[in-house]
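These are the residues of each chain, in order.
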Amino acid sequence: MYKTLKEICDLTGMKLFITEDENKGYKFAISDKNIDFEYIFIPALKNEKNFFKEIEKHLQNKLCKGFIINEKFLYDKEYIKILDKYSPKNVLCTKNVYLSAFKIAKINANHFNPEIIILAGTDEIEEIKYKLSKNLNIDYIKYDTFWQMSIDPLLRLDENDKYAIIQTNINVPRCSKYIADYKEGSIILYSKISIRNMQNYETIENYNEEWCNLLSNGPRAVFSDENCDLIRLPYLNNLQITPEPLKCLIEYLNKKYIEIVIPPENKDYVFLDSNSLYSIKKGIKDFLNRYKENKKIVFFQKIRNLGKYIKNYNLELLLLLDESFDFIVLSDFEDYLPYIKDKNKKSIIVNFKIAKDDTINSIKKVIEYKKDNDTKCLFIGKNEILCSLI
(Lines give C-alpha, C1' and ligand atoms only; values in the text may rest on other atoms or scores of the structure.)
Protein backbone atom coordinates (compact mmCIF):
# COMPACT_ATOMS: atom_id res chain seq x y z
CA MET A 1 0.00 0.00 0.00
CA TYR A 2 0.99 3.66 -0.29
CA LYS A 3 2.74 5.48 2.53
CA THR A 4 0.33 7.52 4.63
CA LEU A 5 0.38 11.29 4.46
CA LYS A 6 1.94 11.40 7.93
CA GLU A 7 4.67 8.96 6.86
CA ILE A 8 5.37 10.96 3.70
CA CYS A 9 5.70 14.16 5.72
CA ASP A 10 7.97 12.52 8.29
CA LEU A 11 10.24 11.15 5.53
CA THR A 12 10.39 14.31 3.40
CA GLY A 13 10.26 17.10 5.99
CA MET A 14 6.99 18.49 4.61
CA LYS A 15 4.20 19.77 6.85
CA LEU A 16 0.62 18.54 6.70
CA PHE A 17 -1.17 21.89 6.65
CA ILE A 18 -4.73 20.64 6.03
CA THR A 19 -5.94 17.04 6.17
CA GLU A 20 -9.06 14.96 6.70
CA ASP A 21 -7.04 11.86 7.71
CA GLU A 22 -3.27 11.89 8.17
CA ASN A 23 -3.21 8.07 8.23
CA LYS A 24 -4.64 7.73 4.74
CA GLY A 25 -2.32 6.97 1.83
CA TYR A 26 -2.52 8.49 -1.66
CA LYS A 27 -0.68 8.36 -4.91
CA PHE A 28 0.90 11.62 -6.06
CA ALA A 29 1.04 13.00 -9.60
CA ILE A 30 2.56 15.89 -11.53
CA SER A 31 0.60 15.27 -14.73
CA ASP A 32 -3.15 14.85 -15.21
CA LYS A 33 -2.69 12.34 -18.05
CA ASN A 34 -4.21 8.85 -17.64
CA ILE A 35 -5.48 9.63 -14.14
CA ASP A 36 -7.93 6.99 -12.87
CA PHE A 37 -6.98 7.06 -9.19
CA GLU A 38 -7.23 9.40 -6.21
CA TYR A 39 -4.13 11.54 -5.97
CA ILE A 40 -2.35 14.54 -4.45
CA PHE A 41 -1.18 17.04 -7.10
CA ILE A 42 2.43 18.23 -7.06
CA PRO A 43 2.74 21.51 -9.04
CA ALA A 44 6.31 20.95 -10.26
CA LEU A 45 5.88 23.20 -13.27
CA LYS A 46 8.04 24.50 -16.06
CA ASN A 47 6.76 28.00 -15.35
CA GLU A 48 5.96 28.91 -11.75
CA LYS A 49 3.64 31.68 -12.97
CA ASN A 50 1.06 28.95 -13.70
CA PHE A 51 1.22 27.61 -10.14
CA PHE A 52 -2.29 28.45 -8.96
CA LYS A 53 -3.86 28.00 -12.39
CA GLU A 54 -2.63 24.38 -12.48
CA ILE A 55 -3.70 23.69 -8.91
CA GLU A 56 -7.19 24.95 -9.69
CA LYS A 57 -7.37 22.86 -12.85
CA HIS A 58 -6.54 19.70 -10.89
CA LEU A 59 -8.95 20.48 -8.05
CA GLN A 60 -11.75 20.51 -10.61
CA ASN A 61 -11.05 16.78 -11.03
CA LYS A 62 -12.94 14.82 -8.35
CA LEU A 63 -10.04 12.38 -8.10
CA CYS A 64 -7.69 15.14 -6.93
CA LYS A 65 -7.70 15.05 -3.13
CA GLY A 66 -5.33 17.92 -2.47
CA PHE A 67 -2.01 19.44 -3.42
CA ILE A 68 1.46 20.44 -2.27
CA ILE A 69 2.30 24.13 -1.95
CA ASN A 70 5.51 26.12 -1.47
CA GLU A 71 5.77 27.88 1.89
CA LYS A 72 6.24 31.23 0.16
CA PHE A 73 2.72 31.02 -1.28
CA LEU A 74 0.90 30.34 2.00
CA TYR A 75 -0.24 33.95 2.36
CA ASP A 76 -0.78 34.61 -1.32
CA LYS A 77 -4.29 35.86 -2.09
CA GLU A 78 -4.66 33.32 -4.91
CA TYR A 79 -4.04 30.49 -2.43
CA ILE A 80 -6.70 31.89 -0.09
CA LYS A 81 -9.15 32.07 -3.02
CA ILE A 82 -8.52 28.40 -3.83
CA LEU A 83 -9.15 27.39 -0.20
CA ASP A 84 -12.44 29.30 -0.19
CA LYS A 85 -13.60 28.00 -3.55
CA TYR A 86 -12.60 24.30 -3.40
CA SER A 87 -12.08 23.45 0.30
CA PRO A 88 -9.33 20.92 -0.54
CA LYS A 89 -9.19 17.87 1.73
CA ASN A 90 -5.38 17.87 1.96
CA VAL A 91 -2.71 20.55 1.66
CA LEU A 92 0.96 19.70 2.21
CA CYS A 93 3.49 22.47 2.66
CA THR A 94 7.15 22.39 1.59
CA LYS A 95 10.09 24.73 1.08
CA ASN A 96 10.75 23.32 -2.41
CA VAL A 97 8.10 21.52 -4.47
CA TYR A 98 10.64 20.05 -6.91
CA LEU A 99 12.88 18.51 -4.25
CA SER A 100 9.84 17.13 -2.43
CA ALA A 101 8.69 15.50 -5.66
CA PHE A 102 12.10 13.84 -6.07
CA LYS A 103 11.99 12.66 -2.44
CA ILE A 104 8.52 11.10 -2.78
CA ALA A 105 9.60 9.42 -6.03
CA LYS A 106 12.63 7.94 -4.24
CA ILE A 107 10.45 6.72 -1.36
CA ASN A 108 8.15 4.95 -3.82
CA ALA A 109 11.06 3.50 -5.81
CA ASN A 110 12.39 1.76 -2.71
CA HIS A 111 9.01 0.95 -1.16
CA PHE A 112 7.50 -0.75 -4.24
CA ASN A 113 10.92 -1.83 -5.62
CA PRO A 114 10.21 -1.96 -9.39
CA GLU A 115 12.88 -2.36 -12.05
CA ILE A 116 13.78 1.26 -12.84
CA ILE A 117 14.79 1.93 -16.42
CA ILE A 118 16.31 5.36 -17.11
CA LEU A 119 16.11 6.50 -20.73
CA ALA A 120 18.74 9.16 -21.35
CA GLY A 121 19.35 11.18 -24.49
CA THR A 122 18.13 13.94 -26.77
CA ASP A 123 17.14 11.73 -29.72
CA GLU A 124 14.46 9.14 -30.31
CA ILE A 125 13.74 8.86 -26.58
CA GLU A 126 9.96 9.12 -27.01
CA GLU A 127 10.04 6.47 -29.73
CA ILE A 128 12.19 4.21 -27.53
CA LYS A 129 9.87 4.75 -24.56
CA TYR A 130 6.82 3.89 -26.68
CA LYS A 131 8.38 0.65 -27.94
CA LEU A 132 9.72 -0.29 -24.51
CA SER A 133 6.31 0.27 -22.88
CA LYS A 134 4.61 -1.93 -25.46
CA ASN A 135 7.23 -4.67 -25.06
CA LEU A 136 6.86 -4.61 -21.27
CA ASN A 137 3.06 -4.34 -21.50
CA ILE A 138 2.81 -1.19 -19.37
CA ASP A 139 0.96 2.08 -19.88
CA TYR A 140 2.59 4.56 -22.23
CA ILE A 141 2.18 8.20 -21.23
CA LYS A 142 3.63 10.97 -23.37
CA TYR A 143 4.67 13.64 -20.89
CA ASP A 144 5.12 17.34 -21.65
CA THR A 145 7.84 18.52 -19.26
CA PHE A 146 11.12 17.41 -17.74
CA TRP A 147 9.57 17.19 -14.27
CA GLN A 148 6.75 14.97 -15.46
CA MET A 149 8.91 12.54 -17.42
CA SER A 150 11.64 12.24 -14.78
CA ILE A 151 9.46 12.02 -11.64
CA ASP A 152 5.79 11.26 -12.34
CA PRO A 153 6.14 7.53 -13.25
CA LEU A 154 7.51 6.80 -9.76
CA LEU A 155 4.81 8.86 -8.05
CA ARG A 156 2.13 6.65 -9.62
CA LEU A 157 3.67 3.33 -8.53
CA ASP A 158 1.81 0.64 -6.64
CA GLU A 159 2.54 -2.95 -5.61
CA ASN A 160 1.51 -4.34 -9.03
CA ASP A 161 4.16 -2.43 -10.99
CA LYS A 162 7.21 -4.43 -12.01
CA TYR A 163 8.78 -1.68 -14.12
CA ALA A 164 9.06 2.11 -14.08
CA ILE A 165 10.41 4.02 -17.09
CA ILE A 166 12.08 7.36 -16.37
CA GLN A 167 13.05 9.79 -19.12
CA THR A 168 15.63 12.52 -18.86
CA ASN A 169 17.07 14.89 -21.45
CA ILE A 170 18.91 16.79 -18.64
CA ASN A 171 17.26 19.96 -19.87
CA VAL A 172 17.31 21.06 -16.25
CA PRO A 173 20.96 21.16 -15.06
CA ARG A 174 22.15 19.42 -11.88
CA CYS A 175 19.21 17.02 -11.71
CA SER A 176 20.84 13.85 -13.06
CA LYS A 177 22.21 12.88 -9.63
CA TYR A 178 18.71 13.05 -8.15
CA ILE A 179 17.51 10.69 -10.86
CA ALA A 180 20.46 8.32 -10.36
CA ASP A 181 19.76 8.35 -6.61
CA TYR A 182 16.22 6.96 -6.91
CA LYS A 183 17.40 3.39 -6.42
CA GLU A 184 20.66 1.52 -6.60
CA GLY A 185 21.01 -0.94 -9.45
CA SER A 186 18.82 0.74 -12.07
CA ILE A 187 19.16 0.10 -15.80
CA ILE A 188 20.25 2.97 -18.07
CA LEU A 189 19.83 3.29 -21.83
CA TYR A 190 21.65 6.09 -23.64
CA SER A 191 20.22 6.96 -27.03
CA LYS A 192 21.95 9.39 -29.38
CA ILE A 193 22.88 12.69 -27.75
CA SER A 194 23.21 16.08 -29.44
CA ILE A 195 24.29 19.49 -28.23
CA ARG A 196 21.58 21.50 -26.55
CA ASN A 197 21.15 24.00 -23.72
CA MET A 198 24.81 25.00 -23.93
CA GLN A 199 24.14 28.40 -22.37
CA ASN A 200 23.66 26.52 -19.12
CA TYR A 201 26.46 23.99 -19.54
CA GLU A 202 28.93 26.30 -21.34
CA THR A 203 31.38 23.51 -22.25
CA ILE A 204 31.14 20.00 -23.70
CA GLU A 205 32.98 18.78 -20.58
CA ASN A 206 30.21 20.08 -18.29
CA TYR A 207 27.57 18.64 -20.60
CA ASN A 208 29.33 15.26 -20.61
CA GLU A 209 29.64 15.28 -16.81
CA GLU A 210 25.91 15.83 -16.35
CA TRP A 211 25.05 12.83 -18.54
CA CYS A 212 27.62 10.67 -16.75
CA ASN A 213 26.20 11.64 -13.35
CA LEU A 214 23.37 9.20 -14.13
CA LEU A 215 25.90 6.43 -13.51
CA SER A 216 26.67 7.57 -9.95
CA ASN A 217 24.48 5.06 -8.10
CA GLY A 218 25.83 1.75 -9.41
CA PRO A 219 23.52 0.82 -12.32
CA ARG A 220 23.41 -2.92 -12.88
CA ALA A 221 23.34 -2.55 -16.66
CA VAL A 222 24.05 0.26 -19.12
CA PHE A 223 23.19 0.21 -22.82
CA SER A 224 24.41 2.85 -25.25
CA ASP A 225 23.68 3.51 -28.90
CA GLU A 226 26.92 3.12 -30.84
CA ASN A 227 26.22 6.49 -32.51
CA CYS A 228 26.15 8.22 -29.12
CA ASP A 229 29.51 9.84 -29.84
CA LEU A 230 29.09 13.21 -28.13
CA ILE A 231 29.58 11.97 -24.58
CA ARG A 232 32.47 9.93 -23.18
CA LEU A 233 31.20 7.16 -20.93
CA PRO A 234 33.68 5.76 -18.38
CA TYR A 235 34.83 2.15 -18.47
CA LEU A 236 32.12 -0.12 -17.07
CA ASN A 237 32.01 -3.91 -16.89
CA ASN A 238 28.27 -3.85 -17.49
CA LEU A 239 28.28 -1.42 -20.46
CA GLN A 240 27.02 -2.63 -23.83
CA ILE A 241 27.59 -0.35 -26.83
CA THR A 242 25.37 -1.57 -29.64
CA PRO A 243 23.42 -0.42 -32.72
CA GLU A 244 20.25 -1.80 -31.07
CA PRO A 245 20.32 -0.79 -27.40
CA LEU A 246 16.56 -1.21 -26.92
CA LYS A 247 16.57 -4.76 -28.24
CA CYS A 248 19.53 -5.63 -26.02
CA LEU A 249 17.77 -4.14 -22.99
CA ILE A 250 14.59 -6.15 -23.62
CA GLU A 251 16.58 -9.37 -24.02
CA TYR A 252 18.53 -8.52 -20.84
CA LEU A 253 15.19 -8.56 -19.02
CA ASN A 254 14.68 -12.13 -20.36
CA LYS A 255 11.90 -11.07 -22.69
CA LYS A 256 11.52 -11.66 -26.40
CA TYR A 257 11.85 -8.41 -28.33
CA ILE A 258 8.75 -7.55 -30.36
CA GLU A 259 9.13 -5.07 -33.20
CA ILE A 260 6.65 -2.24 -32.59
CA VAL A 261 5.47 0.05 -35.37
CA ILE A 262 4.51 3.52 -34.18
CA PRO A 263 1.16 4.53 -35.73
CA PRO A 264 1.44 7.64 -37.93
CA GLU A 265 -0.38 10.74 -36.74
CA ASN A 266 -3.26 11.87 -38.90
CA LYS A 267 -2.09 15.43 -39.58
CA ASP A 268 -1.29 17.52 -42.62
CA TYR A 269 1.80 18.76 -40.82
CA VAL A 270 4.82 17.21 -39.12
CA PHE A 271 6.32 18.83 -36.02
CA LEU A 272 9.98 18.34 -35.04
CA ASP A 273 11.09 19.49 -31.61
CA SER A 274 14.48 21.16 -31.97
CA ASN A 275 16.16 18.90 -29.43
CA SER A 276 18.95 17.66 -31.64
CA LEU A 277 20.69 17.52 -34.96
CA TYR A 278 20.16 13.76 -35.25
CA SER A 279 16.39 13.95 -34.85
CA ILE A 280 15.93 16.89 -37.20
CA LYS A 281 18.07 15.28 -39.91
CA LYS A 282 16.10 12.05 -39.64
CA GLY A 283 12.79 13.93 -39.53
CA ILE A 284 13.55 15.97 -42.66
CA LYS A 285 14.59 12.84 -44.54
CA ASP A 286 11.44 10.96 -43.46
CA PHE A 287 9.24 13.95 -44.37
CA LEU A 288 10.71 14.22 -47.88
CA ASN A 289 10.40 10.47 -48.47
CA ARG A 290 6.83 10.35 -47.20
CA TYR A 291 5.57 13.27 -49.28
CA LYS A 292 7.52 12.99 -52.53
CA GLU A 293 4.52 13.91 -54.68
CA ASN A 294 3.18 16.70 -52.48
CA LYS A 295 3.86 20.40 -52.43
CA LYS A 296 6.04 21.05 -49.37
CA ILE A 297 6.39 24.01 -46.98
CA VAL A 298 8.88 24.12 -44.11
CA PHE A 299 8.92 26.54 -41.19
CA PHE A 300 12.20 26.68 -39.27
CA GLN A 301 12.68 28.70 -36.09
CA LYS A 302 16.27 29.47 -35.11
CA ILE A 303 17.55 27.20 -32.36
CA ARG A 304 19.00 29.12 -29.44
CA ASN A 305 20.68 28.30 -26.11
CA LEU A 306 23.65 26.77 -27.95
CA GLY A 307 26.30 29.25 -26.87
CA LYS A 308 29.30 29.35 -29.20
CA TYR A 309 27.85 26.46 -31.25
CA ILE A 310 24.78 28.39 -32.39
CA LYS A 311 26.02 29.44 -35.85
CA ASN A 312 27.45 26.13 -37.04
CA TYR A 313 24.53 24.14 -35.64
CA ASN A 314 21.82 26.24 -37.29
CA LEU A 315 23.70 26.56 -40.57
CA GLU A 316 24.12 22.80 -40.87
CA LEU A 317 20.35 22.37 -40.46
CA LEU A 318 19.55 25.17 -42.90
CA LEU A 319 21.57 23.45 -45.61
CA LEU A 320 19.32 20.39 -45.27
CA LEU A 321 16.38 22.49 -46.48
CA ASP A 322 17.19 22.04 -50.14
CA GLU A 323 15.21 22.55 -53.36
CA SER A 324 12.90 19.65 -52.47
CA PHE A 325 10.91 22.25 -50.53
CA ASP A 326 8.73 24.60 -52.55
CA PHE A 327 8.55 27.24 -49.84
CA ILE A 328 10.91 27.85 -46.91
CA VAL A 329 9.77 30.13 -44.08
CA LEU A 330 12.54 31.07 -41.64
CA SER A 331 12.42 32.82 -38.30
CA ASP A 332 15.30 35.01 -37.03
CA PHE A 333 17.74 33.96 -39.77
CA GLU A 334 18.33 37.40 -41.32
CA ASP A 335 22.14 37.03 -41.06
CA TYR A 336 22.07 33.71 -42.91
CA LEU A 337 19.64 34.67 -45.67
CA PRO A 338 22.07 35.74 -48.46
CA TYR A 339 24.14 32.56 -48.02
CA ILE A 340 21.12 30.24 -48.05
CA LYS A 341 19.56 31.89 -51.08
CA ASP A 342 22.84 31.50 -52.91
CA LYS A 343 22.82 27.76 -52.17
CA ASN A 344 19.14 27.26 -53.02
CA LYS A 345 17.99 28.98 -56.22
CA LYS A 346 14.72 27.11 -56.69
CA SER A 347 12.79 27.36 -53.41
CA ILE A 348 10.98 30.51 -52.36
CA ILE A 349 12.69 31.64 -49.13
CA VAL A 350 11.42 34.28 -46.70
CA ASN A 351 12.55 35.26 -43.22
CA PHE A 352 10.55 36.76 -40.35
CA LYS A 353 11.74 38.13 -37.05
CA ILE A 354 9.47 36.69 -34.37
CA ALA A 355 8.37 39.51 -32.10
CA LYS A 356 4.69 40.17 -31.57
CA ASP A 357 1.33 38.83 -32.68
CA ASP A 358 1.41 40.86 -35.87
CA THR A 359 4.51 38.91 -36.96
CA ILE A 360 2.75 35.61 -36.32
CA ASN A 361 -0.25 36.82 -38.32
CA SER A 362 2.02 37.82 -41.21
CA ILE A 363 3.57 34.35 -41.30
CA LYS A 364 0.12 32.79 -41.16
CA LYS A 365 -1.06 34.84 -44.14
CA VAL A 366 2.00 33.88 -46.19
CA ILE A 367 1.57 30.17 -45.45
CA GLU A 368 -2.17 30.30 -46.16
CA TYR A 369 -1.43 31.97 -49.50
CA LYS A 370 1.05 29.27 -50.52
CA LYS A 371 -0.80 26.29 -49.07
CA ASP A 372 -3.45 24.25 -50.88
CA ASN A 373 -5.17 20.91 -50.24
CA ASP A 374 -2.17 18.98 -51.54
CA THR A 375 0.39 20.79 -49.36
CA LYS A 376 2.26 19.20 -46.46
CA CYS A 377 3.95 21.35 -43.83
CA LEU A 378 7.01 20.67 -41.73
CA PHE A 379 7.59 22.70 -38.55
CA ILE A 380 11.00 22.73 -36.85
CA GLY A 381 11.02 24.65 -33.59
CA LYS A 382 10.69 24.72 -29.83
CA ASN A 383 6.95 24.71 -29.50
CA GLU A 384 4.20 22.88 -31.32
CA ILE A 385 1.94 25.91 -30.89
CA LEU A 386 3.52 27.25 -34.09
CA CYS A 387 1.60 24.55 -35.93
CA SER A 388 -1.53 26.56 -35.24
CA LEU A 389 -0.32 28.79 -38.06
CA ILE A 390 -2.00 26.41 -40.47
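Residues numbered from 1 in each chain as written. Predicted model: local features only at pLDDT ≥ 70, side-chain atom pairs only at ≥ 80, totals over all residues. Heavy atoms only, no water.

Some details on the overall build of the chain
Next, step 1: A tally of helices and strands in the chain yields 14 helices and 15 strands.
Next, step 2: Against the globule reference of 21 Å for 390 residues, the chain gives a C-alpha radius of gyration of 23 Å, in line with a compact fold.
Next, step 3: Each principal axis of the C-alpha atoms in the chain carries an extent, and together these give about 70 × 55 × 40 Å.
Next, step 4: Counting over 390 residues, the chain shows a buried share of 52%.
Next, step 5: Here the contacts in the chain between residues at least 6 apart in sequence split such that 67% fall between residues at least 24 apart.
Next, step 6: For the chain, the accessible area works out to roughly 19800 Å², and carbon and sulfur atoms hold 46% of it.
Next, step 7: The positive charge centre, built from 60 side chains, and the negative charge centre, built from 57, are 2 Å apart in the chain. (Helix = DSSP H or I, 4+ residues; strand = E, 2+ residues; numbered from the N terminus. Rg over C-alpha atoms; globule rule 2.2 N^0.38 Å. Buried < 20%, exposed > 50% of the residue type's maximum accessible area, 1.4 Å probe, protein only. Contact = heavy atoms within 4.5 Å. Areas by Shrake-Rupley, 256 points an atom, 1.4 Å probe, with all protein chains shown as cover. Lys, Arg positive; Asp, Glu negative; His and termini not counted. Charge placed at Lys NZ, Arg CZ, Asp CG, Glu CD.)

Observations concerning the sheet that holds strand β4 (residues 64–70)
Next, step 1: Read across the sheet, 5 strands follow the order β1-β5-β4-β3-β2 without closing on themselves; strand pairing throughout is mixed. Single-partner strands in this sheet number two, and they are β1 (15–18) and β2 (27–29). Across this sheet, the average inter-strand angle for adjacent strands is 30 degrees, counted without regard to direction.
Next, step 2: For β2 and strand β3 (residues 39–41), the ladder comprises 3 bridges, and the chain directions are parallel. Each residue of the ladder has a partner; that of F28, found in β3, is I40.
Next, step 3: Its contacts with the sheet place helix α4 (residues 97–112) against β2, β4 and β5 (91–94), and it is angled at close to 125 degrees to β4. (Pairing = 2+ DSSP bridges. Axes fitted to C-alpha atoms, helices over the stretch in contact; angles between N-to-C directions.)

A short note on the sheet that holds strand β6 (residues 115–120)
Next, step 1: Strands sit in the order β7-β6-β8-β9-β10 across an open sheet of 5 strands; the sheet is parallel. For this open sheet the edge positions go to β7 (163–168) and β10 (239–242), each flanked by a neighbour on one side alone. Each adjacent strand pair in this sheet contributes to an overall mean axis angle of 15 degrees, direction not counted.
Next, step 2: Pairing between strand β9 (residues 221–225) and β10: 4 bridges, direction parallel.

Some remarks on the pairing of strand β15 (residues 375–381)
Next, step 1: Among the 7 residues of β15, 7 are classified as buried, and the element is accordingly described as predominantly covered.
Next, step 2: Because side chains alternate across β15, one face comprises the buried residues T375, C377, F379 and G381, and the other comprises K376, L378 and I380, equally buried.
Next, step 3: Direction of pairing for strand β12 (residues 295–301) relative to β15: parallel, over a ladder of 6 bridges. Bridge assignment links I297 to a residue of β15, and that residue is C377.

Re the pattern of salt bridges
Next, step 1: Using the criterion set out here, one finds 20 salt bridges in the structure.
Next, step 2: The closest approach of N and O atoms between E38 and K24, which form a salt bridge, is 3.7 Å. Residue E38 is located in the loop between β2 and β3, and its partner K24 is located in the loop between β1 and β2; the two are separated by 14 residues in the primary sequence.
Next, step 3: Between D32 and K57 there is a salt bridge whose closest N-O contact spans 3.4 Å. You can see D32 sitting in the loop between β2 and β3 and its partner K57 sitting in helix α2 (residues 51–59), a full 25 residues away along the chain.
Next, step 4: Given a relative accessible area of 38%, K57 falls into the partly exposed group.
Next, step 5: One network of salt bridges, with partners in common, ties together K24, E38 and K65. (Salt bridge = Lys/Arg side-chain N within 4 Å of Asp/Glu carboxyl O.)

Description of the packing of aromatic side chains
Both the distance between ring centres and the angle between the ring planes are used here to describe each pair of aromatic rings.
Next, step 1: All told, the structure shown has 19 aromatic pairs when counted by the stated rule.
Next, step 2: Geometrically, the ring pair formed by Y130 and Y140 is edge-to-face, given 5.0 Å between the ring centres and 85 degrees between the ring planes. Of this pair, Y130 sits in helix α5 (residues 125–136) while Y140 is found in the loop between α5 and α6 (146–155), placing the two residues 10 residues apart along the sequence.
Next, step 3: Its relative accessible area of 15% is what places Y130 among the buried residues.
Next, step 4: Taken together, a centroid distance of 6.0 Å and an interplanar angle of 10 degrees make the contact between F287 and F325 stacked. Here F287, found in helix α11 (residues 277–290), pairs with F325, found in the loop between α12 (310–318) and β13 (327–331); they are 38 residues apart in sequence, far enough to count as distant. Across the pair, F325 and F287 agree in class, each one buried. (Phe/Tyr/Trp six-rings, centres within 6.5 Å; stacked < 30°, edge-to-face > 60°.)

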